[in-house]
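The lines below spell out each chain.
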Amino acid sequence: MPSDPNETVYDIRGLTKVYPMGEVQVHALRGVNLRIPESEFVVLLGPSGSGKSTLLNIMGGLDVPTAGEVRYRDLDMTRVDANRLTWFRRESVGFVFQFYNLIPSLTARENVSLVTDIATDPMTAEEALDIVGLSDRLDHFPSQLSGGQQQRVAIARAIAKRPDVLLCDEPTGALDAHTGITVLEAISNINAELGTTTAVITHNAAIGQIADRIVSMRDGVIVDETCNSTKAPVSSMSW
Ligand SMILES: Nc1ncnc2c1ncn2[C@@H]1O[C@H](COP(=O)(O)OP(=O)(O)OP(=O)(O)O)[C@@H](O)[C@H]1O
């Protein structure tokens, strides 16, 4: 896919999500407007309950909004049927979550192959694991890997199908600073080298230094957007 920064990947307007909870309604998103251009690395920052995961889940086709518009390239995500949304998730999105969700009885290579076996134009499991710096751990089981290495296997699994976008929900939430940095290095390299449009949710404001843009949320709205004129290299970031 050509990398044109003028191309819009996501165009989100008036995004609203209300969860009915018995008698009360929880307003998770209250009119979010956000445009994400090709190959951007955006960090979504905000306190617990500010709506970050709800926004990311809707962007990934895991949840649907109550109102508003979400366009992914020329796909109107709010008007497509469930089958099209499943296709979008399968073809275009790589997900990384806080907990790695690896299969304990499969090696790193086999965990990644689960995806490469069913994807349309995947890289090999070995290539994906090489990108995240785990060429020397191909035949290790998850129990033989550190938390940071397990998360990098999960990232390799997410990118092996060459997704157009990479959506990461607290990818370093369960990790200490040192291992968290190795995981951020992997995500940052994928964004830089493959041009994968990337959104990362975090509570940690320091992670904003390595992104193109920091989008801050509070109470279901975007309260601030800051662009970094230069991205800090992950190796120099203070945690
Ligand atoms: N499935 C759901 N049913 C009901 N309420 C929900 C659901 N998912 C999220 N919420 C509520 O929506 C609001 C936003 O939640 P969300 O998980 O998007 O926030 P967040 O910023 O990602 O928080 P955290 O950093 O703790 O994950 C919260 O009040 C939450 O309780």
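Per an unreviewed UniProt entry, the recorded name for the protein is Putative ABC transporter ATP-binding protein, and the organism is Crateriforma conspicua. Quoted verbatim from the Sequence similarities (unreviewed entry) heading of the UniProt record, the comment on the protein is "Belongs to the ABC transporter superfamily. Macrolide exporter (TC 3.A.1.122) family."

Student: It is not clear to me how the sheet that holds strand β7 (residues 165–169) should be interpreted in this structure. Could you clarify?
Tutor: Sheet strands associate in pairs through backbone hydrogen bonding, adopting either a parallel or an antiparallel arrangement. Pairing in this open sheet of six strands is mixed, and the strands run β6-β7-β8-β3-β9-β10 from one edge to the other. Sheet topology places β6 (93–96) and β10 (221–227) at the edges, where each strand pairs with a single neighbour. Averaged over all pairs of adjacent strands, the angle between their axes in this sheet comes to 15 degrees, without regard to strand direction. Here strand β3 (residues 41–45) pairs with strand β8 (residues 197–202) via five bridges, running parallel. When the bridges of β8 are listed, leucine 45 appears paired with threonine 202.

Student: What should I look at first to understand the nonpolar core in this one?
Tutor: For soluble globular proteins, the rule of thumb is that nonpolar side chains tend to be buried together. Leu44, Val112, Ile155, Ala156 and Ala199 are the most contacted members of the largest nonpolar core, which totals 58 residues. Those residues in contact with alanine 199 that sit more than four places away from it in its chain are Ile36, Val42, Leu44, Leu56, Met59, Leu167 and Cys168.

What counts and how
- Residues numbered from 1 in each chain as written.
- Predicted model: local features only at pLDDT ≥ 70, side-chain atom pairs only at ≥ 80, totals over all residues.
- UniProt positions renumbered as here; feature names shortened; annotations may be inferred.
- Pairing = 2+ DSSP bridges.
- Helix = DSSP H or I, 4+ residues; strand = E, 2+ residues; numbered from the N terminus.
- Axes fitted to C-alpha atoms, helices over the stretch in contact; angles between N-to-C directions.
- Core = buried A, V, L, I, M, F, W, Y, C linked by C-beta atoms within 7 Å.
- Buried ≥ 20, exposed ≤ 12 C-beta atoms within 10 Å, placed from the backbone.
- Contact = placed C-beta atoms within 7 Å.

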